[in-house]
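# An overview of the molecular structure
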Amino acid sequence: MKKIKKISILALLLLGPFLSRAQSAEVISAMTFNIRYANPKDGINIWENRRDWLCEGINFFDVDVFGAQEVIESQLNDMVERLPAYDYVGIGRNGDKEGEFCPVFFKKETFELMDSGTFWLSETPEKVNSQGWDAALPRIMTWVKLRKIATGEAFYFFNTHFDHRGKTAQLESAKLIRQEIQKIAGDKPFLITGDFNFAPSEEAYTELTSGKPKSLVVIDSKNSAQMVYGPDYTFNGFALEPDQSRERIDYVFIAQGVKVHKHHIIDGQRGGNYISDHFPIKVIVSLR
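So, here's what we can say about the structure. Please read these numbers as outputs of a predicted model, since none were measured by experiment.

### So, empty space enclosed by the protein
Applying the stated criterion across every chain yields a total of 1 cavity of 30 Å³ or more. Counted as a void, the largest cavity has a volume near 50 Å³. Taken together, R93, E100, F101, C102, P138, R139, I140 and H161 make up the full set of residues lining the largest cavity. Its residues assigned to classes, the lining of the largest cavity shows 4 nonpolar, 1 polar and 3 charged.

Here you go:
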(Lines give C-alpha, C1' and ligand atoms only; values in the text may rest on other atoms or scores of the structure.)
Protein backbone atom coordinates (compact mmCIF):
# COMPACT_ATOMS: atom_id res chain seq x y z
CA MET A 1 0.00 0.00 0.00
CA LYS A 2 2.84 2.36 0.91
CA LYS A 3 4.57 1.44 -2.36
CA ILE A 4 1.46 2.42 -4.37
CA LYS A 5 1.22 5.71 -2.48
CA LYS A 6 4.88 6.49 -3.24
CA ILE A 7 4.36 5.73 -6.93
CA SER A 8 1.29 8.02 -7.01
CA ILE A 9 3.23 10.88 -5.41
CA LEU A 10 6.11 10.36 -7.84
CA ALA A 11 3.70 10.39 -10.79
CA LEU A 12 2.19 13.66 -9.62
CA LEU A 13 5.63 15.21 -9.24
CA LEU A 14 6.62 14.13 -12.74
CA LEU A 15 3.33 15.05 -14.39
CA GLY A 16 2.69 18.25 -12.41
CA PRO A 17 4.44 20.66 -14.80
CA PHE A 18 2.65 19.13 -17.79
CA LEU A 19 -0.75 19.29 -16.08
CA SER A 20 -0.06 22.88 -15.11
CA ARG A 21 0.78 23.77 -18.70
CA ALA A 22 -2.32 22.03 -20.00
CA GLN A 23 -4.49 24.01 -17.59
CA SER A 24 -2.90 27.34 -18.50
CA ALA A 25 -3.42 26.57 -22.18
CA GLU A 26 -7.20 26.71 -21.71
CA VAL A 27 -8.75 29.03 -24.24
CA ILE A 28 -10.36 32.40 -23.62
CA SER A 29 -13.06 33.84 -25.84
CA ALA A 30 -12.69 37.62 -26.22
CA MET A 31 -14.52 40.25 -28.23
CA THR A 32 -14.43 43.89 -29.27
CA PHE A 33 -17.76 45.56 -30.01
CA ASN A 34 -18.60 49.14 -30.97
CA ILE A 35 -22.31 48.99 -30.14
CA ARG A 36 -23.23 52.37 -31.74
CA TYR A 37 -24.47 55.02 -29.32
CA ALA A 38 -28.23 55.31 -28.85
CA ASN A 39 -28.99 57.73 -31.68
CA PRO A 40 -32.78 58.26 -32.05
CA LYS A 41 -32.22 59.12 -35.75
CA ASP A 42 -31.04 55.62 -36.68
CA GLY A 43 -34.41 54.51 -38.09
CA ILE A 44 -34.93 50.76 -38.00
CA ASN A 45 -31.51 50.42 -36.36
CA ILE A 46 -32.27 52.45 -33.23
CA TRP A 47 -30.86 50.95 -30.04
CA GLU A 48 -34.24 49.65 -28.85
CA ASN A 49 -34.39 47.44 -31.98
CA ARG A 50 -30.85 46.13 -31.51
CA ARG A 51 -30.20 45.70 -27.80
CA ASP A 52 -31.80 42.26 -27.36
CA TRP A 53 -30.13 40.90 -30.51
CA LEU A 54 -26.78 42.34 -29.46
CA CYS A 55 -26.85 40.91 -25.93
CA GLU A 56 -28.29 37.57 -27.03
CA GLY A 57 -25.38 37.31 -29.48
CA ILE A 58 -22.81 37.89 -26.73
CA ASN A 59 -24.49 35.24 -24.58
CA PHE A 60 -24.78 32.80 -27.49
CA PHE A 61 -21.15 33.15 -28.53
CA ASP A 62 -20.23 32.50 -24.90
CA VAL A 63 -17.78 35.40 -24.73
CA ASP A 64 -15.58 35.35 -21.61
CA VAL A 65 -14.42 38.96 -21.72
CA PHE A 66 -15.12 41.85 -24.09
CA GLY A 67 -14.54 45.53 -24.60
CA ALA A 68 -17.38 47.74 -25.83
CA GLN A 69 -17.27 51.24 -27.28
CA GLU A 70 -19.76 54.12 -27.72
CA VAL A 71 -21.72 52.98 -24.67
CA ILE A 72 -23.77 55.71 -22.99
CA GLU A 73 -25.18 55.17 -19.50
CA SER A 74 -28.67 54.08 -20.58
CA GLN A 75 -27.15 51.48 -22.91
CA LEU A 76 -24.83 50.30 -20.17
CA ASN A 77 -27.83 49.75 -17.91
CA ASP A 78 -29.59 47.79 -20.68
CA MET A 79 -26.52 45.59 -21.16
CA VAL A 80 -26.09 44.94 -17.43
CA GLU A 81 -29.75 43.86 -17.25
CA ARG A 82 -29.41 41.51 -20.25
CA LEU A 83 -25.97 40.10 -19.38
CA PRO A 84 -26.43 38.85 -15.81
CA ALA A 85 -23.41 36.50 -16.00
CA TYR A 86 -21.07 39.49 -16.42
CA ASP A 87 -19.56 42.18 -14.28
CA TYR A 88 -17.98 45.30 -15.78
CA VAL A 89 -15.47 48.08 -15.18
CA GLY A 90 -15.68 51.52 -16.75
CA ILE A 91 -16.53 55.20 -16.44
CA GLY A 92 -17.70 57.86 -18.89
CA ARG A 93 -15.08 59.74 -20.87
CA ASN A 94 -16.29 63.05 -19.39
CA GLY A 95 -15.92 61.63 -15.89
CA ASP A 96 -18.07 59.43 -13.62
CA LYS A 97 -21.17 58.48 -15.67
CA GLU A 98 -20.95 61.34 -18.17
CA GLY A 99 -20.26 60.71 -21.84
CA GLU A 100 -19.48 57.48 -23.64
CA PHE A 101 -18.02 54.54 -21.74
CA CYS A 102 -15.39 52.05 -22.92
CA PRO A 103 -16.39 49.31 -20.46
CA VAL A 104 -14.76 45.93 -20.06
CA PHE A 105 -17.23 43.13 -19.34
CA PHE A 106 -16.07 39.80 -17.92
CA LYS A 107 -17.76 36.63 -16.65
CA LYS A 108 -18.12 36.73 -12.88
CA GLU A 109 -17.65 33.00 -12.39
CA THR A 110 -14.64 32.77 -14.71
CA PHE A 111 -12.49 35.68 -13.56
CA GLU A 112 -11.45 37.50 -10.41
CA LEU A 113 -10.91 41.25 -10.81
CA MET A 114 -7.49 42.09 -9.39
CA ASP A 115 -7.02 45.70 -10.50
CA SER A 116 -8.48 48.27 -12.90
CA GLY A 117 -8.21 51.84 -14.08
CA THR A 118 -8.92 54.47 -16.73
CA PHE A 119 -6.67 57.02 -18.40
CA TRP A 120 -7.34 59.70 -20.99
CA LEU A 121 -5.79 59.79 -24.45
CA SER A 122 -4.24 63.20 -24.07
CA GLU A 123 -1.07 65.01 -23.02
CA THR A 124 -2.41 64.69 -19.44
CA PRO A 125 -3.68 61.09 -19.25
CA GLU A 126 -4.49 61.29 -15.54
CA LYS A 127 -6.70 64.39 -16.01
CA VAL A 128 -10.42 63.61 -16.17
CA ASN A 129 -12.18 64.81 -19.35
CA SER A 130 -8.92 65.94 -20.97
CA GLN A 131 -8.92 66.25 -24.74
CA GLY A 132 -5.69 65.49 -26.57
CA TRP A 133 -3.93 67.05 -29.57
CA ASP A 134 -6.36 67.62 -32.48
CA ALA A 135 -9.03 65.22 -31.18
CA ALA A 136 -12.66 66.21 -31.65
CA LEU A 137 -13.63 64.68 -28.30
CA PRO A 138 -12.11 63.38 -25.06
CA ARG A 139 -11.04 59.74 -25.43
CA ILE A 140 -10.22 57.08 -22.86
CA MET A 141 -8.74 53.65 -22.29
CA THR A 142 -10.21 51.33 -19.66
CA TRP A 143 -8.11 48.46 -18.33
CA VAL A 144 -8.49 45.53 -15.99
CA LYS A 145 -6.22 42.90 -14.51
CA LEU A 146 -8.06 39.59 -14.37
CA ARG A 147 -7.17 36.25 -12.84
CA LYS A 148 -8.69 33.15 -14.37
CA ILE A 149 -10.11 31.32 -11.37
CA ALA A 150 -9.70 27.82 -12.84
CA THR A 151 -5.98 28.18 -13.58
CA GLY A 152 -4.76 31.12 -11.49
CA GLU A 153 -3.42 32.73 -14.65
CA ALA A 154 -3.43 36.54 -14.69
CA PHE A 155 -3.58 38.84 -17.69
CA TYR A 156 -4.47 42.42 -18.61
CA PHE A 157 -7.30 43.56 -20.86
CA PHE A 158 -7.31 47.07 -22.36
CA ASN A 159 -10.22 48.67 -24.21
CA THR A 160 -10.33 51.99 -26.06
CA HIS A 161 -11.95 54.18 -28.70
CA PHE A 162 -9.59 56.44 -30.65
CA ASP A 163 -10.69 59.79 -32.04
CA HIS A 164 -12.50 59.69 -35.39
CA ARG A 165 -11.07 62.92 -36.81
CA GLY A 166 -7.71 63.90 -35.40
CA LYS A 167 -4.89 62.13 -37.23
CA THR A 168 -2.33 63.60 -34.85
CA ALA A 169 -4.48 62.41 -31.94
CA GLN A 170 -4.57 58.89 -33.40
CA LEU A 171 -0.81 58.79 -33.83
CA GLU A 172 -0.04 60.26 -30.40
CA SER A 173 -2.66 58.05 -28.75
CA ALA A 174 -0.93 55.00 -30.24
CA LYS A 175 2.36 56.18 -28.72
CA LEU A 176 0.70 56.90 -25.38
CA ILE A 177 -1.04 53.57 -24.97
CA ARG A 178 2.18 51.70 -25.80
CA GLN A 179 3.89 53.53 -22.95
CA GLU A 180 0.98 53.05 -20.54
CA ILE A 181 0.52 49.37 -21.34
CA GLN A 182 4.23 48.79 -20.76
CA LYS A 183 3.96 50.48 -17.35
CA ILE A 184 0.73 48.74 -16.32
CA ALA A 185 1.15 45.22 -17.69
CA GLY A 186 4.92 44.78 -17.58
CA ASP A 187 5.74 41.29 -18.85
CA LYS A 188 2.23 39.87 -18.26
CA PRO A 189 0.11 38.74 -21.23
CA PHE A 190 -2.46 41.27 -22.49
CA LEU A 191 -5.20 41.87 -25.03
CA ILE A 192 -6.17 45.26 -26.45
CA THR A 193 -9.61 45.81 -27.96
CA GLY A 194 -11.12 48.86 -29.54
CA ASP A 195 -12.44 50.97 -32.36
CA PHE A 196 -9.21 52.64 -33.43
CA ASN A 197 -10.63 54.56 -36.40
CA PHE A 198 -7.55 53.82 -38.49
CA ALA A 199 -6.86 51.22 -41.16
CA PRO A 200 -3.84 48.87 -41.25
CA SER A 201 -2.39 51.05 -44.01
CA GLU A 202 -2.15 54.14 -41.75
CA GLU A 203 0.75 55.49 -39.71
CA ALA A 204 -0.99 55.11 -36.35
CA TYR A 205 -1.37 51.35 -36.96
CA THR A 206 2.34 51.04 -37.68
CA GLU A 207 3.14 53.06 -34.57
CA LEU A 208 0.95 50.89 -32.37
CA THR A 209 2.37 47.63 -33.67
CA SER A 210 6.05 48.58 -33.94
CA GLY A 211 6.70 51.86 -32.09
CA LYS A 212 8.50 52.64 -28.84
CA PRO A 213 9.13 51.22 -26.30
CA LYS A 214 10.68 48.44 -28.40
CA SER A 215 10.40 46.06 -25.45
CA LEU A 216 6.60 46.02 -25.91
CA VAL A 217 5.43 43.72 -28.70
CA VAL A 218 1.87 44.41 -29.96
CA ILE A 219 0.48 42.02 -32.58
CA ASP A 220 -2.66 42.22 -34.70
CA SER A 221 -4.55 39.03 -33.77
CA LYS A 222 -5.85 38.57 -37.31
CA ASN A 223 -2.32 38.31 -38.65
CA SER A 224 -1.38 35.51 -36.25
CA ALA A 225 -4.67 33.58 -36.16
CA GLN A 226 -4.73 29.94 -37.20
CA MET A 227 -8.20 30.43 -38.69
CA VAL A 228 -9.78 33.65 -40.00
CA TYR A 229 -13.42 34.07 -41.00
CA GLY A 230 -15.69 36.97 -41.95
CA PRO A 231 -15.57 40.13 -44.07
CA ASP A 232 -12.39 42.17 -44.50
CA TYR A 233 -13.94 45.31 -42.99
CA THR A 234 -15.59 46.09 -39.65
CA PHE A 235 -17.47 49.40 -40.14
CA ASN A 236 -20.67 48.94 -42.17
CA GLY A 237 -22.38 52.30 -41.60
CA PHE A 238 -25.80 50.58 -41.76
CA ALA A 239 -25.33 50.47 -45.56
CA LEU A 240 -27.47 47.79 -47.23
CA GLU A 241 -24.83 47.01 -49.86
CA PRO A 242 -21.38 46.29 -48.38
CA ASP A 243 -18.49 48.52 -49.44
CA GLN A 244 -15.74 46.00 -50.14
CA SER A 245 -13.14 48.76 -50.44
CA ARG A 246 -13.34 49.47 -46.71
CA GLU A 247 -10.57 48.32 -44.40
CA ARG A 248 -10.73 47.23 -40.77
CA ILE A 249 -10.82 49.92 -38.09
CA ASP A 250 -11.72 47.66 -35.14
CA TYR A 251 -9.09 45.30 -33.74
CA VAL A 252 -8.05 42.85 -31.10
CA PHE A 253 -4.32 43.24 -30.49
CA ILE A 254 -2.35 40.78 -28.41
CA ALA A 255 0.93 40.46 -26.54
CA GLN A 256 3.75 38.28 -27.78
CA GLY A 257 3.21 34.70 -26.62
CA VAL A 258 -0.60 34.85 -26.82
CA LYS A 259 -1.76 32.19 -29.26
CA VAL A 260 -4.71 33.04 -31.52
CA HIS A 261 -6.76 30.03 -32.57
CA LYS A 262 -9.60 31.84 -34.36
CA HIS A 263 -10.38 35.39 -35.53
CA HIS A 264 -14.00 36.01 -36.54
CA ILE A 265 -15.51 39.28 -37.80
CA ILE A 266 -19.20 38.61 -37.14
CA ASP A 267 -21.28 40.12 -39.96
CA GLY A 268 -24.48 40.80 -38.03
CA GLN A 269 -26.93 41.84 -40.77
CA ARG A 270 -30.52 40.84 -41.45
CA GLY A 271 -31.55 42.71 -44.56
CA GLY A 272 -31.62 46.37 -43.55
CA ASN A 273 -31.32 45.52 -39.85
CA TYR A 274 -27.87 45.55 -38.28
CA ILE A 275 -26.56 44.50 -34.89
CA SER A 276 -24.52 47.75 -34.93
CA ASP A 277 -22.84 50.03 -37.45
CA HIS A 278 -19.65 48.11 -36.61
CA PHE A 279 -19.30 44.36 -36.79
CA PRO A 280 -17.95 42.79 -33.60
CA ILE A 281 -14.76 40.74 -33.65
CA LYS A 282 -14.47 37.54 -31.65
CA VAL A 283 -11.16 35.78 -31.03
CA ILE A 284 -10.29 32.51 -29.34
CA VAL A 285 -6.89 32.71 -27.65
CA SER A 286 -4.60 30.90 -25.24
CA LEU A 287 -2.54 33.16 -23.03
CA ARG A 288 0.62 31.01 -23.17
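### Some details on the sheet that holds strand β11 (residues 250-255)
Spatial strand order, β5-β6-β7-β8-β11-β9: 6 strands in an open sheet with mixed pairing. Strand pairing shows two members of the sheet lacking a second neighbour, β5 (111-120) and β9 (218-220), which therefore form its edges. Along the sheet, successive strands turn relative to each other by an average axial angle of 20°, direction set aside. Sheet topology places strand β8 (residues 190-195) next to β11; 5 bridges connect them, and they run antiparallel. Across the sheet, T193 pairs through a bridge with V252, a residue of β11. Relative to β11, helix α5 (residues 203-210) is tilted by about 20°, and along the sheet it contacts β9 and β11.

### Examining the nonpolar core
Among the nonpolar cores identified, the biggest contains 51 residues, and V65, F158, I177, F190, L191, I192 and F196 are the most heavily contacted of them. Those residues in contact with I177 that lie beyond four places of it in its chain are F119, L121, M141, F162, F196 and L208. Within the second largest apolar cluster, 20 residues are counted, among which are I35, I58, F101 and I266.

### Some points on the packing of helix α4 (residues 167-185) against α5
Two elements in contact, α4 and α5, have axes separated by 8 Å at closest approach and are oriented at 10°. Judged by the angle between their axes, α4 and α5 are roughly parallel. Between α4 and α5, the contacting residues are Q170, L171, A174, K175, I177 and R178 on the first element and E203, A204, E207, L208, T209 and S210 on the second. Residue composition of the contact of α4 with α5, grouped by class: 5 nonpolar, 3 polar and 4 charged.

How each quantity is defined
- Residues numbered from 1 in each chain as written.
- Predicted model: local features only at pLDDT ≥ 70, side-chain atom pairs only at ≥ 80, totals over all residues.
- Heavy atoms only, no water.
- 1 Å grid on protein atoms, 1.4 Å probe; cavity = no way out; pocket = protein on both sides within 12 Å on 5 of 7 lines; lining within 4 Å.
- Points joined across faces, edges and corners; volume = space filled by probe spheres on them.
- Nonpolar A, V, L, I, M, F, W, Y, C, P; charged D, E, K, R; others polar.
- Pairing = 2+ DSSP bridges.
- Helix = DSSP H or I, 4+ residues; strand = E, 2+ residues; numbered from the N terminus.
- Axes fitted to C-alpha atoms, helices over the stretch in contact; angles between N-to-C directions.
- Contact = heavy atoms within 4.5 Å.
- Core = buried A, V, L, I, M, F, W, Y, C linked by side-chain atoms within 4.5 Å.
- Buried < 20%, exposed > 50% of the residue type's maximum accessible area, 1.4 Å probe, protein only.
- Parallel < 35°, antiparallel > 145°, perpendicular 65-115°, else oblique.

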